[in-house]
Amino acid sequence: MDSQTVEPTQTVQNPPAAGRLKPNSLGVLGILFFVLSAQAPLTGIAGAVPIAVAIGNGAGAPAAYAAVGAVILLFSVGFVAMGRHVVDAGAFYTYIGKGLGRPVGSGSAGVALFAYCAVQAAMYGLYGFIVSGLVEQYTGLSAPWWVCVLVTMVIVQILGAAGIEMGAKILAVFVLAEFSILLVFAVVTFFKGGGPEGLGFAHSFSPDAALQGAPGVALMFAVASMFGFEATAIYGEEAREPRRTVPRATYLSVVVVTVFFAFISWMLVSAHGASNATAAAGQALESGDATSWVFAPITAQFGGWVGDALPILLATSLFAGVLAFHNSANRYLFSLGRDGLLPRGLTAVNRRHSPWVAGGVQTVISLALVMPFVLLGKDPVLSLFSWFSGVAVLAVMLLYFLTSVSVVVFFRRERLDTRPWNTLIAPVLGALGIAGAIWLILANFTTLIGGDQGTAMWLELTVPAVLVLGVIGARLTRGRTTADR
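- By the naming in an unreviewed UniProt entry, the chain is APC family permease, taken from Streptomyces plumbiresistens.
- A UniProt comment under Subcellular location (unreviewed entry) is attached to the chain, and it reads "Cell membrane".

Comments concerning the packing of helix H17 (residues 380-414) against helix H20 (residues 453-476)
And then number 1: Two numbers describe how H17 lies on H20: the axes approach to 10 Å, and their chain directions differ by 40 degrees. In terms of their interaxial angle, H17 and H20 are classed as oblique. The crossing of H17 and H20 is right-handed. Facing H17, whose interface residues are Trp 387, Val 391, Leu 394, Ala 395 and Leu 398, H20 presents Thr 455, Leu 459, Glu 460, Thr 462, Val 463 and Leu 467.
And then number 2: Looking at side-chain class alone, the contact of H17 with H20 contains 8 nonpolar, 2 polar and 1 charged residues.

What about the nonpolar core?
And then number 1: In this structure, Ile 45, Trp 293, Val 370, Met 397 and Ile 441 are the most contacted members of the largest nonpolar core, which totals 135 residues.
And then number 2: With 18 residues, helix H5 (residues 102-139) is the single largest residue contributor to this core.
And then number 3: Not counting residues within four places of it along the chain, the set of residues in contact with Trp 293 comprises Val 49, Pro 50, Val 53, Leu 268, Val 269, His 272, Ala 277, Ala 280, Ala 281 and Ala 284.

Comments concerning a nonpolar patch on the surface
And then number 1: The grouping of Trp 146, Val 147, Leu 150, Val 151, Ile 155 and Leu 367 at the surface amounts to a nonpolar patch, some 440 Å² of accessible area in total.
And then number 2: For the nonpolar patch, the element with the most residues is helix H6 (residues 145-161), which contributes 5 residues.
And then number 3: On the secondary structure map, Ile 155 appears in helix H6.
And then number 4: Looking at Ile 155, the relative accessible area reads 38%, which means it is partly exposed.

Brief notes about the confidence of the model for the chain
And then number 1: Of all residues in the chain, 85% attain a pLDDT of 70 or more, and the chain-wide mean is 83.
And then number 2: When pLDDT is averaged over each element of the chain, helix H8 (residues 201-205) comes out on top at 93 and helix H11 (residues 231-234) at the bottom at 66.
And then number 3: For the stretch residues 1-18, pLDDT sits under 50, and the model shows 35 contacts to residues farther than four places along the chain or on other chains.

The rules behind these values
Throughout this document, residue positions are counted from 1 along each chain, in the order its sequence is written. Whole-chain, interface and lining totals are the exception, using all residues; otherwise, since this is a predicted model, local features are given only for residues with pLDDT of at least 70 and side-chain atom pairs are given and counted only at 80 or more. Here the side-chain values reflect all heavy atoms present in the structure, with hydrogen atoms and water set aside. UniProt positions are given in the numbering used here, feature names are shortened, and annotations may be inferred rather than shown by experiment. Here an axis means a line fitted to C-alpha atoms, over the contact stretch when the element is a helix, while the angle between two N-to-C directions is reported on a 0 to 180 degree scale. For the purposes of this entry, the term helix denotes a DSSP run of H or I that reaches at least four residues, the term strand denotes a run of E that reaches at least two, and both are numbered from the N terminus. These descriptions rest on fixed angle ranges, namely under 35 degrees for roughly parallel, over 145 for roughly antiparallel, 65 to 115 for roughly perpendicular, and the rest for oblique. Less than a right angle of anticlockwise turn of the near helix away from the far helix marks a crossing as left-handed, whereas a clockwise turn marks it as right-handed. Note on contacts: a residue pair qualifies if any of its non-hydrogen atoms lie within 4.5 Å across the two residues. Residue polarity follows a fixed list, in which Ala, Val, Leu, Ile, Met, Phe, Trp, Tyr, Cys and Pro are nonpolar, Asp, Glu, Lys and Arg are charged, and the others, Gly among them, are polar. Put simply, a nonpolar core is a bunch of buried Ala, Val, Leu, Ile, Met, Phe, Trp, Tyr and Cys residues held in one set by side-chain atoms that sit within 4.5 Å of each other. Under the scheme applied here, a residue whose accessible area is under 20% of the maximum for its type counts as buried, over 50% as exposed, and between as partly exposed, the area being computed with a 1.4 Å probe on protein chains only. Exposure above 30% relative accessible area and the lack of any salt bridge qualify a residue for a patch; like charges then connect within 9 Å, and the nonpolar side chains Val, Leu, Ile, Met, Phe, Trp and Tyr within 5 Å. Values of accessible area rely on a 1.4 Å probe in the Shrake-Rupley scheme; residue burial ignores everything except the protein chains shown. What counts as a salt bridge is simple: a side-chain nitrogen of Lys or Arg found within 4 Å of a carboxyl oxygen of Asp or Glu. Each residue gets a pLDDT score, which is the predictor's confidence in that residue and runs from 0 to 100.

What follows is the structure, given as C-alpha cells:
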C-alpha cells in the first residue's frame, strides 16, 4: 500500500454479526482453487471453444480470451481497491451498496444469488447428462439424468456443511486433474512446434485474425467461460490476512485463467491447423458432440486411454463447479441473513463454522430450479444448461458493471484511497469494456442460449426483474438491516 492509501485501522467494517464464518481457513491457493473450480476449465474449453471457433472468429478465438482477460484485469484493479476497505461474504452486493446505496446493493444481491443458483442449475443439467451416459457405459444400467443430479445434490450439501477446508481439498484434486491433462497436451504441442501448419501465432493473435468472422460471438463465449472471480472476495472472512490474501488471489486468478484459456485454445487451433480449425469445429457441432473437436487431438497425442478418461474428467469438472457455486451462493444467503434482508436463521453455523442452514436453503433452490425441467421433460443440455448458463452470464456481467461504477463513486466520496489508477481510471476502463461485453451478449443472446428469440427475451428480462424486486425488498425491510448500505 502506498502513502496515499489508508492503513487497515481505517477500514470500513460492518457491525458485529449474528453469525460468523471460520476465519483463517483459506490461503491464496485455497481461494484460487475455488475460483478455478467455478471456471470448470475442461467444461469451458470443451464446451465453449469449439463454438467460438466455428461460428465466431475461427482461428482468432484465442485472442478473444486474451481480450476478455484484459477487461477483467481492469475490473479487478478497482475490485481489489474496494476489498481493502470492505471485507464481507456478500462481496459484490456489499461493494455496490457501499457506493450506490442500500437499495441498489440489495437489488444486486438478488441478481448475484440468482446468477450463482442459475449457473449451478445449468451445470447440474450437463453433469446429469454426462454422468448418466457414463453409468450406462460402464455398468449397463440406464439411470435418468435427474437421478444422478439428485444424488449429487445430497453429496454437495454434505460437503458444503463439512467445512470450507474440506471443500478446498476436494476441489484441489479435481481442478489439478483437469488442468494437468489440458496443460500437458498444450505444452507438448507447443514444444513439438504445433500442428500441421506450425504454431500459427499470427493466425490466432494478430489484429486481422482477432477481427475476422464474427468476433463478437467469440468474445461472448469467452465471457461465458471466464467468470467466478468474485469468489476471491466472498471468502474474505475465511481468508488468512484477507487484505493481502484476497488481492493476491484475485490477480493470480485472473492471470492464470486468462493465460490458460488463451494458451489451450491456441494449441487446439494449432493442432487442427489454422486453415482447417473452423471447418473441423463446424463438423463437430453438426455431429452433436462439440467436445470431439477438443478430445480428438488430445487423444491423438496421448493414446486411446485419454479418450476414456476425458469424459470422466468432464464430469468431475462439472462437479467441482457445482460445489464451488454452492459455497458461493450459501455465503450470499448467510450474508443477506446477517444484514437483515433475509431471515436471520440463515446465519446459523455448525461446529465447523459452515453456514449449514444457508447451504440447505441453497440446495432447495437448486432443486426448485431443476425440477420443472424434469417434470416438463426438457432436455438437460439444450434447455437447462443452455438457458440458465446464458442468463447467469448476463447477470454476472451486470454485477461487474455496477461494481465498477460503485468503486468510482465510493472513493470519490470517502477518499480512503486517492490513487487515480486504482480508484478511477482502471474502474472506468473496466466498466466501458464490460458495457461492451453486455451489448455483445444481448445482441447474440439467442445464439448463446441455443434457443429462439421469444425464450431469449424472457430470459433477458429476468435479470432486471430480479434487480427491481431486490430494490423493492430493500425498501420493505428498511430499518431492519445491520448495515447501512
